[in-house]
Amino acid sequence: MSARGRLVAVSNRVGPVRGAATAGGLAVGLVDALRERGGLWFGWSGRTAPAGRAKLHRERAEGITLATLDLSPQDFENFYCGFCNNCLWPLMHFRIDLMRFERRQLESYRRVNARFAQTLARLLRAGDQVWVHDFHLIPLAEELRRRRARQRIGFFLHTPFPPTEILSTLPEHESLVRALFAYDLIGFQTEQDLERFREHVRRACGGSARGDTVTAFGRELRAGAFPIGIDVDQFHRYAFTAPGSREFARMRGVLRGRDQFIGVDRLDYSKGLLRRMDAFGRYLEAHPKAHGKVILLQVAPVSRGDLASYRSFRQELDREAARVNGRFARFDWTPVHYLNRALPRRTLAGLYRASRVGVVTPMRDGMNLVAMEYVAAQDPEDPGVLVLSRFAGAAQFLREALIVNPYDGEETAAALHAAREMRLPERRRRHEALMRRLRARDVARWRSDFLAALAEAPLARRSTRKAK
Ligand code: GDG
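What counts, and at which threshold
- Residues numbered from 1 in each chain as written.
- Predicted model: local features only at pLDDT ≥ 70, side-chain atom pairs only at ≥ 80, totals over all residues.
- Heavy atoms only, no water.
- Helix = DSSP H or I, 4+ residues; strand = E, 2+ residues; numbered from the N terminus.
- Rg over C-alpha atoms; globule rule 2.2 N^0.38 Å.
- Buried < 20%, exposed > 50% of the residue type's maximum accessible area, 1.4 Å probe, protein only.
- Expected span 1.5 Å × (residues − 1).
- Contact = heavy atoms within 4.5 Å.
- Polar contact = N/O pair within 3.5 Å; in protein donor to acceptor, adjacent residues only side chain to side chain.
- Near = heavy atom within 4 Å.
- Areas by Shrake-Rupley, 256 points an atom, 1.4 Å probe, with all protein chains shown as cover.
- Nonpolar A, V, L, I, M, F, W, Y, C, P; charged D, E, K, R; others polar.
- Pairing = 2+ DSSP bridges.
- Axes fitted to C-alpha atoms, helices over the stretch in contact; angles between N-to-C directions.

Section: the overall build of the protein
- A tally of regular secondary structure across the protein gives 17 helices and 17 strands.
- Relative to the 2.2 N^0.38 estimate, which gives 23 Å for 468 residues, the radius of gyration of the protein is 23 Å and therefore close to what a compact globule would have.
- By its C-alpha atoms, the protein is 65 × 45 × 45 Å across when sized along the principal axes.
- When each of the 468 residues of the protein is scored for burial, the buried share is 59%.

Quick look at helix H15 (residues 409–421)
- Taking 1.5 Å of rise per residue, 13 residues should cover 18 Å, and H15 covers 18 Å from first to last C-alpha, within 8% of that figure.
- The secondary structure elements touched by the buried residues of H15 are strand S11 (259–264), helix H11 (273–286), strand S12 (294–299), strand S14 (357–360), strand S15 (385–389) and strand S16 (402–404).
- Near the N-terminus of H15, the side chain that reaches the backbone nitrogen of Glu410, with its oxygen 3.2 Å away, is that of Asp408.

Section: the environment of Glu174
- Looking at the element boundaries, Glu174 is found in helix H7 (residues 173–180).
- The exposure class assigned to Glu174 is partly exposed, which follows from its relative accessible area of 46%.
- The sequence separation of Glu174 and Ala204 amounts to 30 residues, and the corresponding C-alpha distance is 8.3 Å.

Regarding the site of the ligand
- Among the 22 residues in the neighbourhood of the ligand, the closest are listed as His158, Leu343, Asp365, Leu369 and Glu373.
- Between the ligand and Gln189 there is a distance of 3.0 Å, counted from an oxygen atom to a side-chain nitrogen or oxygen.
- In the environment of the ligand, an oxygen atom lies 2.8 Å from a nitrogen or oxygen atom belonging to the side chain of Arg266.
- Against a free-state accessible area of 730 Å², the protein chains account for coverage of 86% of the ligand.
- Those elements that provide at least two residues to the shell around the ligand are helix H13 (345–353) and helix H14 (369–376).
- Of the residues in the shell around the ligand, the class split is 13 nonpolar, four polar and five charged.

Let's talk about the sheet that holds strand S13 (residues 336–339)
- With parallel pairing, six strands are arranged side by side in an open sheet as S13-S12-S11-S14-S15-S16. Two strands lie at the open edges of the sheet, namely S13 and S16, each paired on one side alone. Within the sheet, the average angular offset between the axes of one strand and its neighbour, ignoring direction, is 20°.
- Both S11 and S14 contribute to a ladder of two bridges, which runs parallel. Note that in S14 the partner of Phe261 across the bridge is Val357.
- This element, H13, spans S11 and S12 of the sheet and lies at about 140° to S11.

Pasting the structure below:
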């Protein structure tokens, strides 16, 4: 255990610890740090249990303690499906047309955070460094402080931070933003997100922002941009060793010289899947010579399937994929291959490697790790090309991708064409530059930069200015 004390990570979903690298997501970023520092990982168990019967589950794995709580069926409905996924998620992605606000759901959100804090407060030790993840848990620090937690507590937002005009449409948004001020450090994915937060504090909270110090509600905290990354070399290895390399060879065999465009996204309206299908249809329309020679493989595992909005989105996407296939397919060629299943991570690596073009065109995305994984899985001698939405956080630094506006179907279709036609020297040049950028901001750097800034942040204190 290091001199810095324990790391306590808190996130909605916890684990896995064994095989974290193959599970992907947050686990990749956290497990190494937790292991190094004998850490605790706390959050929701992913299960429901009747209120009153929910207990704390504890297990140890590789020196890490996992502590999780169940949700009551009502809180699963109101907290998780309701306030988190039907209200905050669309809000954070600027989709206030889809945002549904219900007071009882907000109450459930507060209740779950209070209950989590009550349990976590008892597990904390002096000197622990607490790192809370994502929009499900914004009020957690405030609730911990109420229970006299004096540890340093940091928060990282994985989604975008919306502009003040959008955030202000959320009833009771003041209390949510005020809750952020119980943290000592808040991290955002990009400088733009950070700037929107500072702007909101100035315009809607009567606060101020100078350098990395933000003041409001009589409190002062540090805020910064800490772009998340991936484990570049490991992902590259996945594509070039079995079973990833086997999947690559198998896919190449199936393609028989055809060029594959690949998209990999949770089935979510923020990922731009409908417009991507449309853009691919436009590309086929404009380039009859490509007929029979290209395929769009869209991997879209079902996500949040308990929500009606996601179920109807899935139906729309089914129709859109069928429309493009109905229009262009021939007896010996189906242009869109569309899967609703999750594939093993190593298989994905092989499929990325076998694809001439990576298509990552979200309408809005905090960062987007798929864009990075696609680049990392390429063969440097013969790399594919990344087409990337300017509205993904990743576009802020993956500059050598072909950057598109996903609202512009023609532009996106033209980029698909340009990507497929791109000559080897240019592909190599772009890929080399992208790999340099990925390495400079990998997941280890994200973690160590955030934790170093948290260690240095002065404990959240009352500012000398009067509370508003
Ligand atoms: C949130 C933010 C931010 C996808 N399909 C399969 C599969 N995946 C993996 C990908 C990738 C991960 O899931 C998705 O990460 P993204 O970053 O693309 O998107 P979100 O899930 O929305 O993540 C996002 C991220 O948090 C991190 O801060 O970048 O902006 O929205 O790793 O490979 N993995 C497997 N099978 C699949 O079918 N195994």
